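Results of the structural survey
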Amino acid sequence: GSLLSPVGNRVTVFDLENSKSVTLPFENGRNISCLALSPNASVLITVDEDGRALLINYKRGTVLNRFNFKSKVSCITFSPCGVYFAASHGKNVEVWATPSLAREYAPFVLHRTYPGHFDEVLCIDWAADSSHLISGSRDLTARIFSLDRQEEGFPVSLTGHRESVIAAYLGKEEGSAITVTRDGAYIEWRKRKPEDEDGEQPLVLGKRKEGGRHTTQGWHLHDRHFFMQGKAQCATLHKKSNLLVVGFTSGIFGLYELPGCANIHTLSISASKISTVSINASGEWLAFGSEKLGQLLVWEWQSETYVLKQQGHSHGMQTIDYSPNGAQLVSGGSDGKVKVWNTATGLCFITFLDHTASVSAVRFLASGNAVVSASLDGSVRAFDLVRYRNFRTLTTPKPTQFLSLALDPSDEICCAGTQDSFEIYVWSMKTGRLLDVLSGHQGPVSSLAFNPLQSVLASSSWDKSVKLWDVFETKAATMTLEHASDVLCVAFRPDGKELAASSLDGHITIWNAIDGEAAGTIEARRDVVGGRKDSDKSTIAAQAAASSFSTLCYSADGEAIIAGGNTKWVCIYNVARRLCVKKFAVSENRSLDGVAQQLNSKRMTEAGPLGEIDHDSDDERGDVTDRKDDSLPGVSRGAHAKRRRPAARTECARFAPSGRSWAAATTEGLLLFSLDQVSSFDPLDLSLDVTPARIFACLDSSSYLDALLMALRLNEAPVLRAVYQRVPVADVPLLAAALPVPYLKRMLQLVATQVAESPHVELHLRWAEQLLLNHHDAISASKTVYTAALRGMHQAFSGQMGDLAKLCHSNHYALAFLAPAP
């Protein structure tokens, strides 16, 4: 199964069976507040904080239409039949006809609006037959509506709750409903049957007589339970198995069996409140999300094991680095954590918690089996990626704060630059001994880089200089490169002959690393200027705040430089021409500060910009702990920073060793941009009419690709054999190039099977050659997926080659006699 999770203004899809994740290629205007997927998984609707929605073809990942609800939407859900979807609209509930995937001018058609609540609607649920729906509100009531305008006895108001209704559901049986309130109460409602109208209502055992209290239209409170776990934050119900999952503000979740609300399981899974909870169609996997900590957990309650456990950096990501083979990526954050990510799956597989302060720099060893990190806590730590442990800790005689880090190409020397003492410390990686302390800078050492081919260290500082050091020969700098402004970052070209340095005045200076002569300058001031912030009084103030790049990295061929800084833009420059080739906006999320190019005067008030005014959020109305201010004066980042809108910026950007992708550590997290197609589209998802007759009809009309795809989809051995053998050898290159990635594994398995069964040697070899040539990148990126199919194909070809060798060897003299004389 797949799990959809909003991340900022984007949607990430987690494939739980194959342990992969992919981000859909679209963005909402602001952070996504809710989303809904149709029952047939074809239509996806995402709604942001302002009520602006995107209509998306989920299978193709394309935006079909944009719509504005003109009000905040707290909940949106499709009906089980898929014909309608209901959305909260302030105090009302609106039912809309489900848009089709065909192109229409106005695909959103309003079916009916249901008023009646006196405060914001928080939750909506449909009946199994899509004839009724129930809504829960902040006004302490739940209301049941009928989709049929002519049906009598509706709406029904369920009152008596003590706090807001966070979840409301219609039961499987007609005339039953369930509500869950913020104070941790579970209430079951029943409708009196007509035959019981004249009789006395039976009392519920162990309950007061208020359990039989009547409400409108014969509905009454049948049962009530309290979870006794504190405030409830979210809840979901699996109707088939009668399982109720409730998440609490204390980070505890409870699993209850209905009716009777019997507690099956209770577990604390987070240090913060659980923001949302979901359950899969079979009722086996429970998904939990914590907005404050950025946690996403999938729990299998029967075996009590984690299916997925992911958490980002709590207070922002500071630095990243690629492994030598590009398969892994390490990141360091302000929360002191060092995380290692798999670039193919997008998932974090190990987290190191040894640092006690912000991690300022991370580097992979050239061997790729360990990472080194420098932190503001005054330590440099090396972590083993085989045994997952901290095997080396490098410290200094006196306390200091490290700002930069570099490793020599042989992994023997580790250098770290300080923020307060302006020195560079040199250690031996093998012994951990402090070898030398390089002095000479008059400001914080902002960046370090080793020459890839020599033992020359380049250091940049806020003292407007870049110094080159020979760490093995002398303690003094061998060369000093002066700049007109503070130097923020330095990077060597892969061949070691060129050096690039970014300064505070917005220039990227290219130096000859051999003789120290300036080779040229890239004017980057205009490219780096981003959007206006709420606190900027004018456009000039915005330009001054973001006028330079703080991170640089050369491409693998040395022809391009990627640069990022205190802005939403990441630029790629051609070094030879000194031109900006491409500008990437890492985010168009207007929930971040500094994204909009121009400020809206409507958002300016007498008290200042609306973005800087501290409004009480929905959850803070009933939770006193969320209103507690833990900020400290002068703290701009971390847990004790003042609450304000985060600004869009790029802390670090790196090219992949392969040159096919690059990564950026941004305000919204770790972003990976790739030239390779990550998401794959199955063209047969739109057509379900796959029969043998249609397959052979496509073969007769020479539509070989359609016939092959349908045969792979049908997966019947006789049909597959017939289609495979009827494909002309001349058309194999075209068919292999056009084969969608989802069918690649089955096609490799088919070739392996046919090699062992049929004697068409040339056809088999041509298919194997073209599949490997055209889909090399996909196979390399997911080696574990295709290993079994490739091994089977290799064994089949080895067996066929052995049979041919035996045949030729046993007929050696006959072949020599039949062969023409030279």
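Described below are features of the structure shown in this document. Keep in mind that what you see is a predicted model, and the values were worked out from it rather than measured.

Moving on, we get to the sheet that holds strand β15 (residues 156-158). The strands that make up a sheet are held in pairs by hydrogen bonds between backbone atoms, and each pair lies either parallel or antiparallel. Reading across the sheet, the four strands line up as β12-β13-β14-β15 and stay open at both edges, with antiparallel pairing between neighbours. The open sheet has two edge strands, β12 (121-126) and β15, and neither has a second partner. The average angle at which neighbouring strand axes cross in this sheet is 20 degrees, direction not considered. For strand β13 (residues 132-137) and strand β14 (residues 142-146), the ladder comprises five bridges, and the chain directions are antiparallel.

Moving on: the sheet that holds strand β46 (residues 507-512). With antiparallel pairing, the four strands of this open sheet are ordered in space as β44-β45-β46-β47. The sheet is open, and its two edges are formed by β44 (487-492) and β47 (518-523), each paired on a single side. On average, each strand axis in the sheet is tilted by 20 degrees relative to the strand beside it, whichever way the strands run. Pairing of β46 with β47, which is carried by five bridges, proceeds in the antiparallel orientation. Directly across from Ile 510, in β47, lies its bridge partner Gly 520.

All right, on to the pattern of salt bridges then. For the coordinates displayed, the defined rule picks out 15 salt bridges. For Glu 120, the salt bridge identified is with Lys 72, shortest N-O distance 3.9 Å. Here Lys 72 lies in the loop between β7 (62-68) and β8 (76-78) and Glu 120 lies in the loop between β11 (109-114) and β12, a separation of 48 residues in the sequence. Ionic pairing is found between Asp 495 and Arg 493, a salt bridge with its closest N-O pair at 2.8 Å. Residues joined in a network through salt bridges with shared partners are Arg 10, Glu 27 and Glu 668.

Time to look at the nonpolar core. One finds Met 747, Val 751, Trp 767 and Leu 771 to be the most contacted residues of the largest nonpolar core, which totals 38 residues. Of all the secondary structure elements, the ones that give two or more residues to this core are α3 (692-700), α4 (704-714), α5 (717-726), α6 (732-738), α7 (744-757), α8 (761-774) and α10 (783-810). Sequence-distant contacts of Trp 767, defined by excluding residues within four places in its chain, comprise Leu 708, Tyr 724, Val 727, Val 732, Leu 735, Ala 736, Met 747 and Val 751. Among the nonpolar cores identified, the runner-up in size contains 18 residues, and Ile 522, Val 528, Leu 552 and Tyr 573 belong to it.

This part covers the packing of aromatic side chains. A full pass over the atoms with the stated rule returns 22 aromatic pairs. Taking the centre distance of 4.9 Å and the plane angle of 80 degrees together, the rings of Trp 299 and Tyr 306 count as edge-to-face. Note on Tyr 306: relative accessible area 37%, which makes it partly exposed. With 6.0 Å between their ring centres and 20 degrees between their planes, Tyr 425 and Trp 427 make a pair best called stacked. Trp 427 sits in the buried class, given a relative accessible area of 0%. In this structure an aromatic cluster arises from ring pairing among Phe 67, Phe 69, Phe 78, Phe 85, Trp 96 and Phe 108. We note Lys 309 situated over the ring of Tyr 306; from NZ or CZ to the ring centre the distance is 4.7 Å. Cation over ring: Lys 583 sits above Trp 569, and NZ or CZ is 4.3 Å from the ring centre.

Attention now moves to the packing of α5 against α7. Two elements in contact, α5 and α7, have axes whose closest approach is 11 Å; the angle formed by their N-to-C orientations is 85 degrees. The angle between α5 and α7 falls in the class roughly perpendicular. Between α5 and α7, the residues in contact are Leu 720, Arg 721, Tyr 724 and Gln 725 and Met 747, Leu 750, Val 751, Gln 754 and Glu 757, respectively.

A word on the pairing of strand β22 (residues 252-257). The buried count for β22 comes to five of six residues, which makes it a mostly enclosed element. By the bridge criterion, five bridges tie strand β21 (residues 243-248) to β22 in an arrangement that is antiparallel. Its bridge partner being in β22, Val 246 is matched across the sheet by Gly 254. In this antiparallel pair of consecutive strands, β21 and β22, the connection spans three residues, and Gly 251 shows a positive phi of 85 degrees. Pairing between β22 and strand β23 (residues 262-268): six bridges, direction antiparallel. From the neighbouring strand, Gly 254 faces β23, where its bridge partner is Thr 266. In this structure, the hairpin formed by β22 and β23 is closed by a connection of four residues, where Gly 260 is found at a positive phi of approximately 100 degrees.

Quick look at the side chain of Asp 223 now. Relative to the elements of secondary structure, Asp 223 occurs in strand β19 (residues 219-226). One polar contact links Asp 223 to His 225, side chain to side chain, over a distance of 3.0 Å.

Turning our eyes to something else, we now look at α4. Looking only at α4, the buried set comprises Tyr 704, Ala 707, Leu 708, Leu 709, Met 710, Ala 711 and Leu 712. The first or second residue beyond α4 is Asn 715, which carries a positive phi of 60 degrees.

This part takes up the pairing of β12. Burial within β12 is extensive, with six of its six residues counted as buried. Pairing of β12 with β13 involves five bridges; the strand directions are antiparallel. Paired with Trp 126 across the two strands is Leu 133, which belongs to β13.

In the contact formed by α7 and α8, the axes pass within 10 Å of each other and the chain directions differ by 155 degrees. What the angle tells us is that α7 and α8 run roughly antiparallel. Judged by the sense of rotation from one axis to the other, the crossing of α7 with α8 is left-handed. In this structure, α7 uses Leu 744, Met 747, Leu 748, Val 751, Gln 754 and Val 755 to contact α8, whose residues at the interface are His 764, Trp 767 and Leu 771. By residue class, the composition of the contact of α7 with α8 is seven nonpolar, two polar and no charged.

Rules used throughout
- Residues numbered from 1 in each chain as written.
- Predicted model: local features only at pLDDT ≥ 70, side-chain atom pairs only at ≥ 80, totals over all residues.
- Heavy atoms only, no water.
- Pairing = 2+ DSSP bridges.
- Helix = DSSP H or I, 4+ residues; strand = E, 2+ residues; numbered from the N terminus.
- Axes fitted to C-alpha atoms, helices over the stretch in contact; angles between N-to-C directions.
- Salt bridge = Lys/Arg side-chain N within 4 Å of Asp/Glu carboxyl O.
- Core = buried A, V, L, I, M, F, W, Y, C linked by side-chain atoms within 4.5 Å.
- Buried < 20%, exposed > 50% of the residue type's maximum accessible area, 1.4 Å probe, protein only.
- Contact = heavy atoms within 4.5 Å.
- Phe/Tyr/Trp six-rings, centres within 6.5 Å; stacked < 30°, edge-to-face > 60°.
- Lys NZ or Arg CZ within 6 Å of the ring centre and 35° of its normal.
- Parallel < 35°, antiparallel > 145°, perpendicular 65-115°, else oblique.
- Polar contact = N/O pair within 3.5 Å; in protein donor to acceptor, adjacent residues only side chain to side chain.
- Left-handed = near helix turned anticlockwise from the far one by under 90°.
- Nonpolar A, V, L, I, M, F, W, Y, C, P; charged D, E, K, R; others polar.

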